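So the chains spell out like this:
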Amino acid sequence: MDILTFLGLLSSLIGSGASVQSDYLKFPQGFSIGTASSSYQVEGAWNASDKGVSVWDWFTHEKNEFIIDGSNGDVACDTYHKYKEDVQIMKNIGLKHYRFSLSWTRILPNGFPNKISQDGLQYYKDLIDELRSNGIEPFVTIYHWDHPEFMNRFGSWTNALMVKWFAEYARVVFRELGPRVKFWTTINEPNNYCEQSSGGKSQAPGMDLAFSGSYLCLHNLLKAHARAYHIYNEEFRATQNGKIGIVMPCRHNFPKYENDTEAARIAFEFDCGWAANPIFSKNGDYPAVMKQRIKENSQLEGLPFSRLPEFSPYWINLIRGSSDYFGLNHYTSKMVESVPRKRGTPWYQESGVRVFVNESWPESPTNWLRVVPEGLGGVLRDVKEAYGNPPVYILENGVSSYPGVADYNRIEFLYGYMKSMLLAMNRDGCNVKVYTVWSLLDNFEWDRGYTERFGLIEVDFTHPNRTRTPRLSTGWLKKIIAKGRLIAFNNTELSVNYRAFNMCTGN
Ligand code: GBH
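The rules behind these values
Residues numbered from 1 in each chain as written. Predicted model: local features only at pLDDT ≥ 70, side-chain atom pairs only at ≥ 80, totals over all residues. Heavy atoms only, no water. Disulfide = S-S within 2.5 Å. Helix = DSSP H or I, 4+ residues; strand = E, 2+ residues; numbered from the N terminus. Core = buried A, V, L, I, M, F, W, Y, C linked by side-chain atoms within 4.5 Å. Buried < 20%, exposed > 50% of the residue type's maximum accessible area, 1.4 Å probe, protein only. Contact = heavy atoms within 4.5 Å. Phe/Tyr/Trp six-rings, centres within 6.5 Å; stacked < 30°, edge-to-face > 60°. Lys NZ or Arg CZ within 6 Å of the ring centre and 35° of its normal. Axes fitted to C-alpha atoms, helices over the stretch in contact; angles between N-to-C directions. Parallel < 35°, antiparallel > 145°, perpendicular 65-115°, else oblique. Left-handed = near helix turned anticlockwise from the far one by under 90°. Nonpolar A, V, L, I, M, F, W, Y, C, P; charged D, E, K, R; others polar. Pairing = 2+ DSSP bridges. Salt bridge = Lys/Arg side-chain N within 4 Å of Asp/Glu carboxyl O. Near = heavy atom within 4 Å. Polar contact = N/O pair within 3.5 Å; in protein donor to acceptor, adjacent residues only side chain to side chain.

J.: Could you give an account of the state of the cysteines, with specific residues and numbers?
T.: Within the structure shown, the criterion is met by two disulfides. What pairs with Cys250 in a disulfide is Cys272, and their sulfur atoms sit 2.1 Å apart. Between Cys250 and Cys272, the S-S torsion sits near 60°, and that sign places the bridge as right-handed. Taken together, the residues Cys250 in the loop between strand 5 (243–249) and strand 6 (252–255) and Cys272 in helix 11 (residues 261–280) connect sequence positions 22 residues apart.

See below:
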């Protein structure tokens, strides 16, 4: 081969290599990019019309020492009144779906279907109609942690009666809102929620019951989810023809020592698998390693039973397969390491695995959120492998930014995480259909109050209008949605886009 032929061959190889690479950054046909929120975090209007009191109304009013800035969601972003403006903002960016949740006590003031609030339903019907008529698909979460306050006094999710109470609520929303909705999510992040609300005290009602409280809570939440799924299947699917699933927060685990893959596998089971295995695995039920290690720890405590409750075969069957898609919330990753166990001593932290952060991972304004883009691809491959490549809807991913609208750290975060996602999809065959940024607006960040800003849109919480100002990331997002492919950013282009954006929204 002469030198010119060789160079020609070389450059065509490099060229085709580059084009394959850049094909990886394309969003496939039909891929949907949207944003998310949840009722208590954005709606406000906490006592509008006949709305009942939710556990979060109670927690922020009566126990606000748990909220870092002593704030509450009484007004929040006031989306109850301002949803039309928000829909125009989403439309302008080109977002294809909006994930929001329903407030249980806005629809059922008593928590039960013996009283249905027509005003409450009307709010959600109006919001859904506004979204659809602007070409934005509503993704409706039935429960994002704000159940009726009185249920709290009955033990909240540690009480098995919640299963039935939730199912009855779900039936009402399918019946009343189902004709307008094609995508349902039953419950947001059951495992993380249980750890914080029943196991710990950073989420209402803050029962602080350690592992046993978390296990009991999740046991009931999984049953409640399955009941709702089957109600939809049997009574509504044929006429309403939507999809229904659940959303899990799953992190990716990097072993401290390369050959300690067992630590990563076990950490995945105790985090994601705890709630996902019963639904998405072939055999159902909790992961075997969880059942075994918790049982051993319980025996060492002299208990005649395991602190991890057992499912009967009836429930194993009912829960297994009860989701049309794998809903994933993903923010960050962890390092893991097996902790050697001496005979007769308990497994460290139940799992036998130590979980920690890699100090070299960049920080964000949120202390639990280290920026680890490759972890998103990692967890997508974990899910593919563990559960036979189900369709995945990413229903939350995002980061908080520093005060102001120049949110370069958010653009960098979204770019890195989306790139990692696209490689997992286009190179490794992960079946991701939906990507959702948390969040559209700055909002009430639970025990962090208004101190952490996850919004693509800045909200001025000191102004009665709750003025919305788009951040730089909206200009970048608009561009990648329009082009159908991921593109890096540069500051000059962004500030131009940002001005154009302001001109067309009139802000
Ligand atoms: C989401 O959950 C929520 O669904 C959403 O409402 C909220 O606004 C959003 O986060 C942003 O805060 O063990 O150190 O990782 C986030 C998932 C997973 C956050 C578990 C806290 C525990 C700390 N969460 N995590 S750590």
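Further notes follow.
J.: Please set out the nonpolar core residue by residue, giving values where relevant.
T.: By size, the foremost hydrophobic cluster in this structure holds 147 residues, and its most contacted members are Trp184, Phe326 and Met421. In contact with Phe326, other than residues within four places in its own chain, are Ile246, Met248, Cys250, Cys272, Ala276, Phe280, Val383, Tyr387, Pro390, Pro391, Val392 and Tyr393. Phe183, Val247, Tyr325 and Tyr393 belong to the second largest nonpolar core, which has seven residues in total.

J.: Break down the packing of aromatic side chains for me, with residues and values.
T.: Tallied over the full model, the rule gives 50 aromatic pairs. Centre to centre, the rings of Phe100 and Tyr124 are 6.5 Å apart; their planes meet at 5°, and the pair counts as stacked. Placement of the pair is Phe100 in strand 2 (residues 97–101) and Tyr124 in helix 6 (residues 118–133), with a sequence separation of 24 residues. The buried category is assigned to Tyr124, whose relative accessible area is 0%. Here Phe112 and Trp165 contribute two aromatic rings whose centre-to-centre distance is 5.4 Å and whose plane-to-plane angle is 75°, an arrangement assigned as edge-to-face. Pair noted here: Phe112 is in the loop between helix 5 (104–107) and helix 6 and Trp165 is in helix 8 (residues 161–177), with a separation of 53 residues, a long-range link. A relative accessible area of 28% places Phe112 in the partly exposed class. Residue Trp165 is classed as buried on the basis of its relative accessible area of 13%. The ring of Trp347 has Arg341 lying over it, and the distance from NZ or CZ to the ring centre is 4.4 Å. Its end group placed over the ring of Phe356, Arg354 keeps NZ or CZ at 4.1 Å from the ring centre.

J.: For the packing of helix 9 (residues 190–199) against helix 10 (residues 210–240), give the residues involved together with the corresponding values.
T.: Helix 10 packs onto helix 9 with a crossing angle of 135° between their chain directions and a minimal axis gap of 8 Å. Taken as axis vectors, helix 9 and helix 10 run oblique relative to one another. Where helix 9 crosses over helix 10, the handedness of that crossing is right-handed. Each of Pro190, Asn191, Tyr193, Cys194, Glu195, Ser197, Ser198 and Gly199 in helix 9 lies in contact with helix 10, whose residues at this interface are Ala210, Gly213, Ser214, Cys217, Leu218 and Leu221. In the contact of helix 9 with helix 10, the residues fall into seven nonpolar, six polar and one charged.

J.: Outline the pairing of strand 8 (residues 333–338), supporting the account with residue identities and numerical values.
T.: Across four bridges, the pairing between strand 6 and strand 8 is parallel. Within strand 8, the residue paired with His252 across the bridge is Ser333. Across four bridges, strand 8 lies against strand 9 (residues 353–356) in antiparallel orientation. For Met335, the partnering residue across the bridge sits in strand 9 and is Phe356.

J.: Can you lay out the pairing of strand 2 for me, pointing to particular residues and giving the numbers?
T.: Within strand 2, five of the five residues are buried, leaving the element largely enclosed by the surrounding structure. Side chains of strand 2 alternate between two faces, with His97, Arg99 and Ser101 and Tyr98 and Phe100 buried alike. Looking at chain direction, strand 1 (residues 32–36) and strand 2 are connected through three bridges and run parallel. From the neighbouring strand, Thr35 faces strand 2, where its bridge partner is Tyr98. By the bridge criterion, five bridges tie strand 2 to strand 3 (residues 137–143) in an arrangement that is parallel. In the sheet register, Ser101 faces strand 3, and the bridge partner there is Thr141.

J.: Go over the pattern of salt bridges, please, and point to the residues and values.
T.: The final tally for this structure, using the stated rule, is 30 salt bridges. Salt-bridge contacts for Glu85 lead to Lys82; the nearest nitrogen and oxygen are separated by 3.2 Å. With Glu85 and Lys82 both in helix 4 (residues 79–93) and three residues apart, the pair spans about one turn of that helix. Residues Arg251 and Asp271 are paired through a salt bridge, measuring 3.8 Å at the closest nitrogen-oxygen approach. Here Arg251 is found in the loop between strand 5 and strand 6, whereas its partner Asp271 is found in helix 11, with 20 residues between them in sequence. Neither Arg251 nor Asp271 differs from the other in exposure class; each is buried. Each of the salt bridges in this network shares a partner with another, and the network as a whole consists of Lys164, Glu168, Arg171 and Glu235.

J.: Now, about the environment of Leu308: what can you tell me, with residues and values included?
T.: Along the chain, Leu308 falls in the loop between helix 12 (288–300) and helix 13 (313–319). If near-sequence neighbours (up to four positions away) are discounted, Leu308 is found in contact with Tyr215, Trp274, Tyr286, Met290, Lys291 and Ile294.

J.: Give a description of the site of the ligand that names residues and reports values.
T.: Taken together, 15 residues surround the ligand, and among them Gln41, His144, Glu189, Glu445 and Trp446 come closest. Within the side chain of Asn188, an N or O atom sits 3.0 Å from an oxygen atom of the ligand. Residue Glu189 places a side-chain N or O atom 2.9 Å away from an oxygen atom belonging to the ligand. Residues that form the shell around the ligand fall into these classes: six nonpolar, five polar and four charged.

J.: Quick one: what's the story with the sheet that holds strand 6, residue by residue and with numbers?
T.: In space, the three strands of this open sheet follow the order 6-8-9, with mixed pairing throughout. Looking along the sheet, the strands with just one partner apiece sit at the ends: strand 6 and strand 9. Taken pair by pair, the neighbouring strands of this sheet meet at an average axis angle of 35°, ignoring direction. Packed on one face of the sheet, helix 11 meets strand 6, strand 8 and strand 9 and runs near 120° to strand 8. This element, helix 14 (residues 374–387), spans strand 6 and strand 8 of the sheet and lies at about 100° to strand 6.

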